[in-house]
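Now for the letters of each chain:
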Amino acid sequence: MLDSWFYVSLKYMVLMFVFFIGMAILVIVFLYIIDKTQTRHTIRRNFPVIGRFRWIFEHLGEFFRQYFFAGDREELPFNRAQRTWVYKAAKNNNNTVAFGSTRNLDRRGAMIFLNCPFPVMKKDAVEADKLLIGPYAKQPYKSPSFFNISAMSFGALSMPAIQSLSHGAKKAGIWMNTGEGGISPYHLEGGCDIVYQFGTAKYGARNSEGGFDFDKLKEIGQIPQVKMIELKMAQGAKPGKGGILPAAKVTEEIANIRGIPAGEASISPNRHPEIKNVTQLLDMVNKIRDASGLPVGFKMVMGGDDWLHELFTEIHQRGIESAPDFITLDSGDGGTGAAPQSLMDDVGMVIKESLPMLVDLRNEYGLKDRVRIMTSGKLITPAEVAWALCAGADFINNARGFLFSLGCIQALKCNKNTCPTGITTHDPDLHQGLVVENKTKRVANFAKSMVKEVGVIAHACGVTEPRALKRSHVRMVFSNSISKPLNVLFPDKKSQYD
Ligand SMILES: Cc1cc2nc3c(=O)[nH]c(=O)nc-3n(C[C@H](O)[C@H](O)[C@H](O)COP(=O)(O)O)c2cc1C
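The following paragraphs examine the structure supplied in this document. This one's a predicted model, so the numbers in the text were calculated from it and none came from an experiment.

Cut-offs and rules
Residues numbered from 1 in each chain as written. Predicted model: local features only at pLDDT ≥ 70, side-chain atom pairs only at ≥ 80, totals over all residues. Heavy atoms only, no water. Helix = DSSP H or I, 4+ residues; strand = E, 2+ residues; numbered from the N terminus. Buried < 20%, exposed > 50% of the residue type's maximum accessible area, 1.4 Å probe, protein only. Contact = heavy atoms within 4.5 Å. Near = heavy atom within 4 Å. Polar contact = N/O pair within 3.5 Å; in protein donor to acceptor, adjacent residues only side chain to side chain. Areas by Shrake-Rupley, 256 points an atom, 1.4 Å probe, with all protein chains shown as cover. Nonpolar A, V, L, I, M, F, W, Y, C, P; charged D, E, K, R; others polar. Core = buried A, V, L, I, M, F, W, Y, C linked by side-chain atoms within 4.5 Å. Pairing = 2+ DSSP bridges. Right-handed = clockwise from strand over helix to strand, strands pointing away. Salt bridge = Lys/Arg side-chain N within 4 Å of Asp/Glu carboxyl O. Axes fitted to C-alpha atoms, helices over the stretch in contact; angles between N-to-C directions. Parallel < 35°, antiparallel > 145°, perpendicular 65-115°, else oblique. Phe/Tyr/Trp six-rings, centres within 6.5 Å; stacked < 30°, edge-to-face > 60°. Lys NZ or Arg CZ within 6 Å of the ring centre and 35° of its normal. Left-handed = near helix turned anticlockwise from the far one by under 90°.

1. Describing the environment of Ile 351
Okay, so step 1: The residue Ile 351 is located in helix 12 (residues 351–364) in this model.
Okay, so step 2: Overall, the relative accessible area of 4% leaves Ile 351 in the buried class.
Okay, so step 3: Residues Ile 351 and Gly 462, 111 residues apart in the sequence, show an inter-C-alpha distance of 25 Å.
Okay, so step 4: Excluding its chain neighbours within four sequence positions, the residues that come into contact with Ile 351 are Leu 329, Asp 330, Ser 331, Pro 356, Thr 375, Ser 376, Gly 377, Leu 379 and Trp 387.

Okay, here's the thing in structure tokens:
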């Protein structure tokens, strides 16, 4: 009885095996014919069937490299050591490491902070000063934190991502920039301070012709949470190109908030049509400040600096109250939801060079206390933030660090609607893993840990608070392990206006 059952099972298994082998051969023959006869792909036509593995491995390679092959300090835009620091900070895990640094301090561009023989003791440490922004605006802003959330729109980011950032920002006492997609209810629901950004399409304050609606702007200025307005001229990842939101991400709700048709790609003009010189830029800054009553600044990426000389000269001609209240300097290697690769890779200076340049120019024109400088660009670990403070930034904005705190795994899919962590997709199935309550805590932990550890660097350098860090506190390696202090590479310039 048992024997006959065994032989019947074996017979079926053999039949199934033959069936599957037969099917596999049929599929291979079928694919062979398709590959051989198609005319679009060279490799598939020359190497039918096996040529297809190239695409499969190319896709899987992304994952294999990240998990198995890449060293801790190898990947771009952010290596594993940087990401791990953020993940641990966000989870409030022990952020100490053992045995010794894996960082190559001989590498060109490495920074070395100059410790003081008599570090500041914990009891003598103080919090960073609160800086006033926009002294001539009707409602100036005294910002509680030097580390804040950089512009990312509802559209580029999902609803739960924006909600988590909003609640997390409130918990940490930092501000959140709306990005250029307008203000959504999700930005406001956490109760944090908001910087309203508009880009070339003026989402959120747009009239039917796509120009500025100053009445809407007035309404925005009356929302108590909105503390400042940022006019976006350029973004590091795509200077000279406006916002790009792929059609798959333009849902009904996002389309309503932006005032555009749903399901169609949202492409903004590549410049503000009404701003084509520094005079028009200053006019616009002043009109917006008058209409909203809020401090107003602009976001830019450094290319040439002649126009900045013109701008600062014209500010002095008009009177310093006409100046923008802040300038946000983005780095050429900044992030984005979507950008053309040539702009992302090759256009716009990085802040390692452009930040000291901009700070020097502003100071040369005697505008240090009038125009605050904010900066962003891969400042996701305490050392990088401390460097930017040494270079002269008043505020540090961070985008992708906060995405890591939300659980981003650097899958590089922000331009699709398929982000596996639910952060940059509007697919509700993928939102399930992004639990707002939990991510709120991580966003807040990341911000607080950052501020605390920048303080640790400041105290090691012998100053009581992060904003007291100066260029003389950091050396930059420029070749063969030879470094120079930042104040030698970029010496302070005297101002003719002081
Ligand atoms: C998903 C995503 C969306 C972004 N959206 C905007 C935007 O709407 N407006 C803007 O000025 N910058 C935008 N940025 C750029 C960031 O605000 C920031 O300037 C840049 O990423 C550099 O900072 P980081 O290195 O801390 O990410 C976006 C960046 C990312 C990653």
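From this point, things continue past the structure.
2. A look at the site of the ligand
Okay, so step 1: The environment of the ligand is formed by 22 residues, the closest being Ser 150, Ala 151, Gln 197, Lys 378 and Arg 400.
Okay, so step 2: In the environment of the ligand, an oxygen atom lies 2.9 Å from a nitrogen or oxygen atom belonging to the side chain of Asp 330.
Okay, so step 3: Interatomic distance of 3.4 Å between a side-chain N/O atom of Ser 376 and an oxygen atom of the ligand.
Okay, so step 4: Against a free-state accessible area of 610 Å², the protein chains account for coverage of 98% of the ligand.
Okay, so step 5: Tallied by class, the residues present in the shell around the ligand amount to 4 nonpolar, 12 polar and 6 charged.

3. Observations concerning the nonpolar core
Okay, so step 1: In terms of nonpolar packing, the biggest core is built from 102 residues, with Leu 355 and Trp 387 touching the most fellow members.
Okay, so step 2: In this structure Leu 355 touches Leu 329, Ile 373, Thr 375, Trp 387, Ala 388, Ala 391 and Ala 393, once residues within four positions along its chain are discounted.
Okay, so step 3: Tyr 141, Trp 175, Met 228 and Phe 326 belong to the second largest nonpolar core, which has 9 residues in total.

4. Overview of the pairing of strand 13 (residues 395–398)
For a regular strand, the rule is simple: side chains alternate between the two faces of the sheet.
Okay, so step 1: Burial of the side chains of strand 13 extends over both faces: Phe 395 and Asn 397 are buried on one face and Ile 396 and Asn 398 on the other.
Okay, so step 2: Here strand 4 (residues 147–149) runs beside strand 13; their pairing, made up of 3 bridges, is parallel. Paired with Ile 149 across the strands is Asn 398, a residue of strand 13.
Okay, so step 3: Where strand 12 (residues 372–376) meets strand 13, 2 bridges bridge the pair, whose relative direction is parallel. By the bridge assignment, Met 374 is partnered in strand 13 with Phe 395.
Okay, so step 4: In this fold, strand 12 hands off to helix 13 (residues 382–391), which returns the chain to strand 13; that crossover is right-handed.

5. With respect to the pattern of salt bridges
Okay, so step 1: Counted according to the given criterion, the structure contains 15 salt bridges.
Okay, so step 2: The residue Asp 72 makes a salt bridge to Arg 80 at a minimum N-O spacing of 2.9 Å.
Okay, so step 3: Among the charged side chains, a salt-bridge network with shared partners connects Asp 35, Arg 44 and Arg 52.

6. Considering the packing of helix 12 against helix 13
Okay, so step 1: The N-to-C vectors of helix 12 and helix 13 enclose an angle of 30°; their axes lie 9 Å apart at closest approach. Looking at the two axes, helix 12 sits roughly parallel to helix 13. The residues of helix 13 that touch helix 12, namely those facing Ile 351, Lys 352, Leu 355, Pro 356 and Val 359, are Trp 387, Ala 388 and Ala 391.

7. Concerning the packing of aromatic side chains
The description of an aromatic ring pair rests on the distance of the ring centres and on the angle between the ring planes.
Okay, so step 1: A complete count under the given rule lists 20 aromatic pairs for this structure.
Okay, so step 2: Note on Tyr 87 and Phe 404: the rings are 6.0 Å apart at their centroids and 85° apart in plane angle, and the pair reads as edge-to-face. Residue Tyr 87 is located in helix 4 (residues 80–91), and its partner Phe 404 is located in helix 14 (residues 400–405); the two are separated by 317 residues in the primary sequence.
Okay, so step 3: Look at Tyr 87 and you get partly exposed, because its relative accessible area is 23%.
Okay, so step 4: For Phe 404, a relative accessible area of 3% puts it in the buried group.
Okay, so step 5: Members of the aromatic cluster, each reached through a chain of ring pairs, are Trp 85, Phe 147, Phe 402 and Phe 446.
Okay, so step 6: Of note, Lys 352 hangs over the ring of Trp 387, and the distance from its end group to the ring centre comes to 5.5 Å.
Okay, so step 7: Over the face of the ring belonging to Phe 78 we find Lys 378, whose NZ or CZ atom lies 5.6 Å from the ring centre.

8. Notes on the packing of helix 4 against helix 16 (residues 436–460)
Packed helices, taken two at a time, are described by their axes: the angle between them and the distance between them.
Okay, so step 1: Packing of helix 4 against helix 16 brings their axes to within 7 Å, and their N-to-C directions diverge by 110°. One element, helix 4, and the other, helix 16, form an angle in the roughly perpendicular class. Here helix 4 and helix 16 pass one another in a crossing that is right-handed. In this structure, helix 4 uses Trp 85, Val 86, Ala 89, Ala 90 and Lys 91 to contact helix 16, whose residues at the interface are Lys 441, Arg 442, Asn 445, Phe 446, Ser 449, Met 450 and Glu 453.
Okay, so step 2: When its residues are assigned to classes, the contact of helix 4 with helix 16 shows 6 nonpolar, 2 polar and 4 charged.

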